[in-house]
Amino acid sequence: MRKCYVSLRFWLVTAGEIDTNEGNNVTMTYQKVRKAVFPAAGMGTRFLPATKAIPKEMLPLVDKPLIQYGVEEAVAAGCTEIIIVTGRGKSTMEDHFDKSFELEATLEARGKTALLEIARSVSKLAKITYTRQPEALGLGHAVLMAKELVGDEPFAVLLPDDVVDATVPCMKQMVAIFEEVQSSILGSEVVEGAAIQNYGCLDCTPDGKNPRLLDVRNLVEKPKPEEAPSHNAIIGRYILTPRIFEMLETIKPGAGGELQLTDGIKALLQFEKVYGFSYEGKRHDAGDKLGFLKATVEFALKREDLGPTFREWLKSYPV
């Protein structure tokens, strides 16, 4: 952490750090988001039988595993340490981000320099550490498993299932907002109609200065459409302050006997400001079979090496 002079008067007043009669220029502790947590211990039952032996996070979206998209997004946002929460049967993720001596030696000997650079680049993305979730006890429990590795600093959480296609990476957008407000931020998108019942939902009001910033009053998990407080759904992108660990250690198990991250954030609201953020970009739910197929098609069509030929094939395919 570093000390700096900033003019975040509205945040400091809200947090009780300064009196409203004081000047704007104050000295405060300014925190940056350096670490990103990836909960990746689930069994991936929606993709059986493929995920019987292959972690869902390693399923390829065109030619890159799902989790790599998220890691690259976190790195683009300035995160230098990646923490992956794994479970049994997930060792291939560790192998993927590790150096592969045999593969690299073979590619080098055959003069395949382009492929060699691709292989090497994966192991150079960031410092990656792993911790195990011994039982599947919910998203909140998975995040709690990263407590010792995160320490006393804010951190990002990215769910590998959600792949966000954006000109400015989604987490980079959120980090920029965090640097202004220094509070927990939940990625959000508008979900119309009955589909809102599949998401956590924000009870919120837009910020007066930035309509993409949402002042959160409460969170409702999977509400009935007629009872949803808004159309602002929570997606798999979070920036959380370290106090969330205290909340996760004290809340009771929720639905399914699991520790729910939304319950921890609701408890956090009693002590700190929490914001939603309507990011710019398109989210693909790659944890769903249909969403995965749509994402594969859209990402392939955007590729210079695949797009033109693939588009022509799609046009010729009989309906």
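This text goes with the structure placed above it.
One numbering rule holds for all chains: residues counted from 1, following each sequence as written. The model is predicted, so local features are restricted to residues of pLDDT at least 70 and side-chain atom pairs to those at 80 or more, both for listing and for counting; the totals for chains, interfaces and linings are taken over all residues. Side-chain measures here rest on the full set of heavy atoms in the structure, leaving out hydrogens and waters.

Focus: helix α9 (residues 243-250)
Because each turn of an α-helix spans 3.6 residues, side chains separated by three or four positions end up pointing in the same direction. Note on exposure labels: buried denotes an accessible area under 20% of the residue type's maximum, exposed denotes more than 50%, and partly exposed covers the range between, all computed with a 1.4 Å probe on protein chains only. Helix and strand labels come from DSSP, where a helix needs a run of H or I of at least four residues and a strand needs a run of E of at least two; each type is numbered from the N terminus. Along α9, the residues classified as buried are Ile244, Phe245, Met247 and Leu248. Burial along α9 is one-sided: seen end-on, the buried residues are contained in an arc of 160°. Whether two residues are in contact is decided by their heavy atoms: any pair within 4.5 Å suffices. Here the buried face of α9 lies against α6 (139-144), α7 (147-150), β8 (155-158), β13 (232-240) and α10 (261-268). Directions pointing from the helix axis toward each C-beta atom define the arc.

Details of the side chain of Lys35
Inspection of the secondary structure assignment puts Lys35 in strand β3 (residues 35-39). A relative accessible area of 8% means that Lys35 is categorised as buried. Reaching out from Lys35, the side chain makes a polar contact with the backbone oxygen of Leu149 at a distance of 2.8 Å. Those residues within four positions of Lys35 in sequence are excluded, and the remaining contacts are Cys79, Glu81, Ile83, Leu149, Val150, Glu153, Phe155 and Ala156. By the criterion applied in these results, polar contacts are pairs of N or O atoms within 3.5 Å in which, for protein atoms, one can donate a hydrogen and the other can accept it, and in which residues neighboring in sequence qualify only through two side-chain atoms.

A word on the pattern of salt bridges
Salt bridges are identified by distance alone: a Lys or Arg side-chain nitrogen within 4 Å of an Asp or Glu carboxyl oxygen. A complete count under the given rule lists 23 salt bridges for this structure. Residue Glu153 pairs with Arg34 through a salt bridge whose shortest N-O separation is 2.8 Å. You can see Glu153 sitting in the loop between α7 and β8 and its partner Arg34 sitting in the loop between β2 (26-30) and β3, a full 119 residues away along the chain. Between Glu189 and Arg283 there is a salt bridge; the shortest N-O distance is 3.0 Å.

Details of the packing of aromatic side chains
Two numbers describe a pair of aromatic rings. These are the distance of the centres and the angle of the planes. Two rings from Phe, Tyr or Trp (for Trp, the six-membered ring) form a pair when their centres sit within 6.5 Å of each other. Planes less than 30 degrees apart are called stacked, planes more than 60 degrees apart edge-to-face, and all others tilted. Enumeration according to the criterion identifies five aromatic pairs in this entry. Judged by centre distance (5.6 Å) and plane angle (70°), the ring pair of Phe47 and Phe292 falls under edge-to-face. Placement of Phe47 in the loop between β3 and β4 (60-61) and of Phe292 in helix α11 (residues 289-302) is noted, with a sequence separation of 245 residues between them. Take Phe47: its relative accessible area is 10%, and that puts it in the buried class. Geometrically, the ring pair formed by Tyr69 and Phe299 is edge-to-face, given 5.4 Å between the ring centres and 85° between the ring planes. Pair noted here: Tyr69 is in helix α2 (residues 66-76) and Phe299 is in helix α11, with a separation of 230 residues, a long-range link. For Tyr69, a relative accessible area of 15% puts it in the buried group. Look at Phe299 and you get buried, because its relative accessible area is 15%. Through a chain of ring-to-ring contacts, three or more aromatic side chains come together here, namely Phe310, Trp313 and Tyr317. A positively charged side chain is recorded as over a ring if its NZ (Lys) or CZ (Arg) lies within 6 Å of the ring centre. The angle to the ring normal must also be within 35 degrees. A cation sits over an aromatic face here: Lys64 above Tyr69, 4.8 Å from the ring centre.

Looking at the environment of Tyr275
In this fold, Tyr275 is placed in strand β14 (residues 274-278). Along the backbone, Tyr275 and Pro65 are 210 residues apart, and their C-alpha atoms lie at a distance of 30 Å.

Some words on the state of the cysteines
Our working definition of a disulfide is a cysteine sulfur pair at a distance within 2.5 Å. Considering all chains together, one arrives at zero disulfides under this definition. Not engaged in a disulfide, the cysteine Cys204 finds its nearest cysteine sulfur in Cys201; these two sulfurs lie 7.4 Å apart. On the basis of relative accessible area, Cys204 is assigned to the buried category, the value being 11%.

Details of the nonpolar core
Within this scheme, the nonpolar core is defined by two criteria: the residues are buried Ala, Val, Leu, Ile, Met, Phe, Trp, Tyr or Cys, and they are joined through side-chain atoms within 4.5 Å. Phe38, Ile67 and Ile84 are the most contacted members of the largest nonpolar core, which totals 33 residues. Among the secondary structure elements, those contributing two or more residues to this core are β3, α2, β6 (81-86), α3 (91-97), β8, α8 (170-181), β13 and β14. Ranked by the residues each element gives to this core, the list is headed by α8, at seven residues. Contact partners of Ile84, with chain neighbours within four places excluded, come to Phe38, Ala40, Ile67, Met93, Phe97, Ile128, Thr129, Tyr130 and Thr131. Val150, Ala267, Leu269 and Val274 belong to the second largest nonpolar core, which has 32 residues in total.

Quick notes on unusual backbone geometry
Omega for the peptide link from Leu48 to Pro49 comes to 10°, which places this bond in the cis form. Along the polypeptide, Pro49 turns up in the loop between β3 and β4. Its identity is not glycine, yet Val62 carries a phi of approximately 65°, on the positive side. Tracing the backbone shows Val62 in the loop between β4 and β5 (64-65).

A look at the layout of surface pockets
For the largest pocket, the calculated volume is near 1500 Å³. Only protein atoms enter the calculation, which uses a 1 Å grid: trapped sets of points that fit a 1.4 Å probe without letting it out are cavities, open sets showing protein on both sides within 12 Å along at least five of seven lines are pockets, and any residue with an atom within 4 Å of a point is a lining residue. In terms of lining residues, the largest pocket is bounded by 42 residues, among which Arg46, Lys56, Leu139, Leu159 and Asp161 are the most central. Elements with a minimum of two residues in the lining of the largest pocket: α6, β10 (184-190), β13, α10 and β15 (282-285). Residue classes follow a fixed rule: Ala, Val, Leu, Ile, Met, Phe, Trp, Tyr, Cys and Pro count as nonpolar, while Asp, Glu, Lys and Arg count as charged, and any other residue, Gly among them, counts as polar. Considering only residue class, the lining of the largest pocket consists of 17 nonpolar, 13 polar and twelve charged. Grid points are joined across faces, edges and corners, and a volume is the space filled by probe spheres set on the points.

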